[in-house]
Amino acid sequence: MEPDVSIETPSIIRIAVLPIGTIPPPLLRDYHSMLLRHHTIALSAISSFYTEHQKSPFTNQPWESGSLRFKFVLGGSPPSPWEDFQSNRKILAVIGLCHCPSSPDLVSVTESFNVACRSYSSALVRRCFAFCPGDSQLEDGDKKGENLILFPPSDKQTQEFHLQTMMQDIAASLLMEFEKWVLKAESAGTILKTPLDSQASLNSEEVIKAKKRRLGRAQKTIGDYSLLAGSPVDANAHYSTALELARLTGDYFWYAGALEGSVCALLVDRMGQRDVALEDEVRYRYTNVILHYRKSFIQEIAQRVSPLSFELEATLKLARFLCRRELAKEVVELLTNAADGAKSLIDAKLGYQRKAAFFCRQVAQLYLQQDNRLAAISAMQVLFMTTDAYRIQSRASVSKVSVNNETGTRQPDAGKMHHHSIVSLFESQWSSLQMVVLREILLSAVRAGDPLAAWSAAARLLRWHYPLITPSGQNGLASSLANSADRLPSGTRCADPALPFVRLFSFPLHSSQVDIVKRNPAREDWWTGSAPSGPFIYTPFSKGDANESSKQELIWVVGEPVQVLVELANPCCFDVDIPPNSAKVITLSGIPTAVGPVTIPGCTVHCFGVITEHVFRDVDNLLLGAAQGLVFSDPFRSCGSAKLRHVFVPNISVVPPLPLLVANVVGGDGAIILYEGEIREVCINFANAGTVPIEQAHVSLSGKNQDAVISIADEALQSALPLKPGAQVTLPVTLKAWHVGPVDSDNAVGGGRNAGETQEDQKTELALHCLFTMQVQIWPVSNNGDPQEKESVVPPGRRLVVPLQICVLQGLSFVKARLLSMEIPAHVGDNLRDEDIETESNTDRLVKINPFRGSWGLRFLELELSNPTDVVFEISVFVQLEKSAKEDDSSPVQDSPEYEYPKTRIDRDYSARVLIPLEHFKLPVLDGSFFTKDPPPGTPSSSRHPSFSEKNTKAEINGLIKNLISKIKVRWQSGRNSSGELDIKDAIQTALQTTVMDVLLPDPLTFGFRLVRNGSETKAQSPLSKGSVLSHEVTPMEVLVRNNTSEAIKLNLSVTCRDVAGQNCAEGADATVLWAGALSGISMEVAPLQEARHCFSLYFLVPGEYTMVAAAVIEDANNVLRARARTASPNEPIFCRGPPFHVRVTGGEM
């Protein structure tokens, strides 16, 4: 019976692949993998190589859709005695593989290939492929022979194309050989036998019977070759004839074979098609196949040969064909029948050994009937002879080579089981017999006074059969182990382990303190890419590429502790440093002492006074058998542990000593609590805890909110290099807390402390990566003792991750922000010199006269802040002032001065308003470019009022706002060590966007008043002017009208004088002011960006406070003026009124 069989197996041609000469194993695998790609050759591809010497017997050959299928057997296989019965078992072609550089003599290669082909007499085609021949080998064409094919040196793609051509040639040659064989068999006939046929001389009746069967068997074999040739229709015709002849002659075995071939022909003919009717037909035919294989059983030769293996093979083929969820019950029944048959087959093969073991046990029992030590020793020796048959032999009796094969490196075939282990698991059904034999060995060893043999027998009995032993029996075995150990010297070792069961649990990777990074010697910035680049400190996708994911590497360092986690299980009822029926994971520690690769096949356990070696693979095989239902129990599952888990074993290598850097956050454990906007400096102390100095170091960041790190004083670390063992260095890191998020104003103001708790604290983990290494210089010595040139050996680097757990709490929260304005009327006073304006303090710089409105104005940014925390905040406003002309000339390098306003205190659970004074800033000219052009007629307007043109004003507006924001800083302080800065950018932008037109754009017309005395002019500008106007005197005055636009404006001007009650005091019967000149209906035209004057005189009758107000109505206003005034109708007049000017009138002489 062969593995991996299926119903389509009879249609596959076997080709032996043999290495010829010396060929490296990696190249052999490469060549074999190239062959595997050509397991199917289409018939349409071999037409150019095929020659029809005579009419083909395959009349229904599907040249367009058919194909030949190959199975490449690397190393070949011995001939099967069943080759006549199933032609697909024959080796029908031989392909030799040769590597010319390793085997330069082509004559020797040809002879070796011919000798290898003699073992395969059934081979119809022979080819030897020689790869990478030299020039002399290519030119020497006479020696290569007809079957030696040279593959000239070329790239892999060309070689594969050449190999495909050769495989097509082999397929055509096989097809022509099949035709010759079939034509020869049809004309001359052939004799076909199987091991089931009698080997003795045949009598006359048997000769006649054999002649009748010969024709049916020949038809069946022709059908096999038709199937191998890719012609299922021809094969089915021959199988039908063979079935009829086999039925008439009672040749049940060949009848089953022909029926099995007909099913294969049916599936090949309907390749890719599958329906219920086809499944029912296959099920029906294969049921008959199994039945006729069973009928062909001959009792007389059952011990020598049996068709049972074919019956099992047919059962497995049908189960594999029907294997799907809907037919699970039927498939399970088929597999159960196959398992029962396999057991009987194994019993038949092992029958002789078991009979010998049975008689040995009888002899041992006779010895045990004698009560003396020598008889017990003899019984023990005889029983040792039976352990191989019963699969209970001690590991000490296994050869050293076998032990090394089992306990060596487990990575290449992890999870696989050897043949004897599988047989042992299948034989677990007769464990009671094994237990009896082990008890007899234990009894004889105790009588013989051999404590080590007794300990070994008790250990095997307890370890492998504990589920079948009662608790009292387990305690008895434990006592036997303890008693035997008492008679053994201390430190005795035994090859057979007892308890507990030990399996690998995991290999702990390096902690963040000792993480090792491979270095690229070709790059100076070897640390680039070592730290995670994303927002996560650990990224599972950054652990190598797809090709490296199958085998992880683990690096250990000489002199540094390492750990391996193992799981122990005690499924028995007594205590062995582990409670009964329990499991636990322990850590095995060690320190590497030498450089090189390391394998861990098992561990050493001291239990019951004896030292034993526990091999992890043995437990893995046991658990695999338990998972497949082949053994009684899983000791770990019975102890409550997890189910069977695959432990990935990395490639472990030990490197020379490396630097070891440790770090700690000064004054804490790395957990930092900050309020929003808080700036704090954190000091991290690095120390070299290794035995070698650190030559290079590089600091990087990973994790979320990396912009929270304002600065890292990396120069402090670089200046301390090389960092010798035991040396320390402190690295300052400046952090700034980020913004948590907006809070609802109602909750922030009225909710009190509970409202502050509704805002979830935002936590993050920021990692500071420090990659460091050393440089090792080695001077190799030549043979004569002189040092050669030094060679640089690049050791791996290390990554130290310092986690900074930052918790940002909500601090001061913004409720709202708005822009407030205040105007202080100008005074008409005495003479004022221009140089007086230069003598202003820092405060006065924020309170300037508006040159376009003629009044003193203030603008405030009001921020309403809420304090939902449990601490008190003090708010300080710093305004960066512009330098005066003198300051700019005297100190051009220094920064602009800052003015600090008085602090504002905000208690917890309270809110407060902070006023930030803003300087006046205006655009110089009111121009039409600041407004969008009028839309063309018929275009619907999306807004009632015109909007700013983004093309012309966006950059200038943003520049002015950013300039203003850069001058204002709002800082807070809480306690002695907590301070920070508020981000007011969004607040200022929000406050300015609503009134940006009023703030930035000047008025179209601005007005001012002057006193005219003795030919000199006094301009009303300063609120500090203390001069006044006398009553009962004529006071000459001027009103100045300025045009702030780029076009001339025609206007109608009027001047009004009001008293303290706001009444016009220059008109009416009760007028208190007399005037000369025109005060209303004054028509004038003001040039662009120029001023116009109008003179008049006033005579105040009553002392007091008076207010002068100028107003004008603009005539023929353009679109710019209407857009600035936000008029709704083109006929609506545009009215401009100036700010009030105060006039202080004192009493004069009558």
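Residues numbered from 1 in each chain as written. Predicted model: local features only at pLDDT ≥ 70, side-chain atom pairs only at ≥ 80, totals over all residues. Heavy atoms only, no water.

If you check an unreviewed UniProt entry, the protein appears there as Trafficking protein particle complex II-specific subunit 120 homolog from Brassica carinata.

**Considerations on the pattern of salt bridges**
Applying the stated criterion to the full structure yields 22 salt bridges. Glu567 serves as the salt-bridge partner of Arg503, at 2.9 Å between the closest nitrogen and oxygen. Of the two residues, Arg503 sits in strand β8 (residues 501-506) while Glu567 sits in strand β11 (residues 562-570), which places them 64 residues apart along the sequence. Under the relative-accessibility criterion, Arg503 is labelled buried at 4%. Linked by salt bridges that have partners in common, Arg89, Glu260, Glu313 and Lys317 make up one network. (Salt bridge = Lys/Arg side-chain N within 4 Å of Asp/Glu carboxyl O. Helix = DSSP H or I, 4+ residues; strand = E, 2+ residues; numbered from the N terminus. Buried < 20%, exposed > 50% of the residue type's maximum accessible area, 1.4 Å probe, protein only.)

**Side note on helix α7 (residues 252-269)**
The α-helix advances 3.6 residues per turn, and as a result positions three or four apart in sequence lie on the same side. Compared with an ideal rise of 1.5 Å per residue, which puts 18 residues at 26 Å, α7 spans 26 Å between its outermost C-alpha atoms and is within 8% of the ideal. Most of α7 is tucked away, with 16 of its 18 residues classed as buried. (Expected span 1.5 Å × (residues − 1).)

**Section: the nonpolar core**
With 68 residues, the main nonpolar core has Trp455, Leu481, Leu504, Phe574 and Phe608 as its most contacted residues. A per-element tally of this core places helix α17 (residues 451-465) first, with eight residues. If we skip the residues at most four places from it in the chain, Phe608 touches Trp455, Ala478, Leu481, Ala482, Ala485, Phe574 and Val576. Listed in part, the 41 residues of the second largest apolar core include Ile41, Leu43, Leu97 and Leu175. (Core = buried A, V, L, I, M, F, W, Y, C linked by side-chain atoms within 4.5 Å. Contact = heavy atoms within 4.5 Å.)

**Concerning unusual backbone geometry**
Geometrically, the link from Leu499 to Pro500 is a cis peptide bond, its omega value of -5° lying close to zero. Put simply, Leu721 and Pro722 share a cis peptide bond, and its omega is -5°. Relative to the helices and strands, Pro722 is located in the loop between α21 (714-719) and β22 (728-736). In this structure, Asp577 takes a positive phi of about 65° despite not being glycine.

**Observations regarding the sheet that holds strand β12 (residues 582-590)**
Here we have three strands laid out as an open sheet, ordered β8-β11-β12, and antiparallel in their pairing. Two strands close off the open sheet at either side, each with one partner strand: β8 and β12. Across the sheet, the axes of successive neighbouring strands diverge by a mean angle of 35°, strand direction being ignored. Relative to β11, β8 runs antiparallel, the two sharing five bridges. Its bridge partner being in β11, Phe501 is matched across the sheet by Ala569. Relative to β8, helix α19 (residues 616-627) is tilted by about 95°, and along the sheet it contacts β8 and β11. (Pairing = 2+ DSSP bridges. Axes fitted to C-alpha atoms, helices over the stretch in contact; angles between N-to-C directions.)

**What about empty space enclosed by the protein?**
Rolled over the atoms, a probe with the dimensions of a water molecule shows which regions are left empty. A full pass over the atoms with the stated rule returns four cavities of 30 Å³ or more. Estimated volume of the largest cavity: approximately 130 Å³. For the largest cavity, the lining is made up of 17 residues, of which Pro10, Gln86, Asn88, Glu260 and Lys317 are closest to its centre. Among the elements of the structure, α5 (204-228), α7 and α9 (308-322) are those that each provide at least two residues to the lining of the largest cavity. When residues in the lining of the largest cavity are grouped by element, the largest group, three residues, is from α7. Looking at the lining of the largest cavity residue by residue, the classes come out as three nonpolar, six polar and eight charged. (1 Å grid on protein atoms, 1.4 Å probe; cavity = no way out; pocket = protein on both sides within 12 Å on 5 of 7 lines; lining within 4 Å. Points joined across faces, edges and corners; volume = space filled by probe spheres on them. Nonpolar A, V, L, I, M, F, W, Y, C, P; charged D, E, K, R; others polar.)

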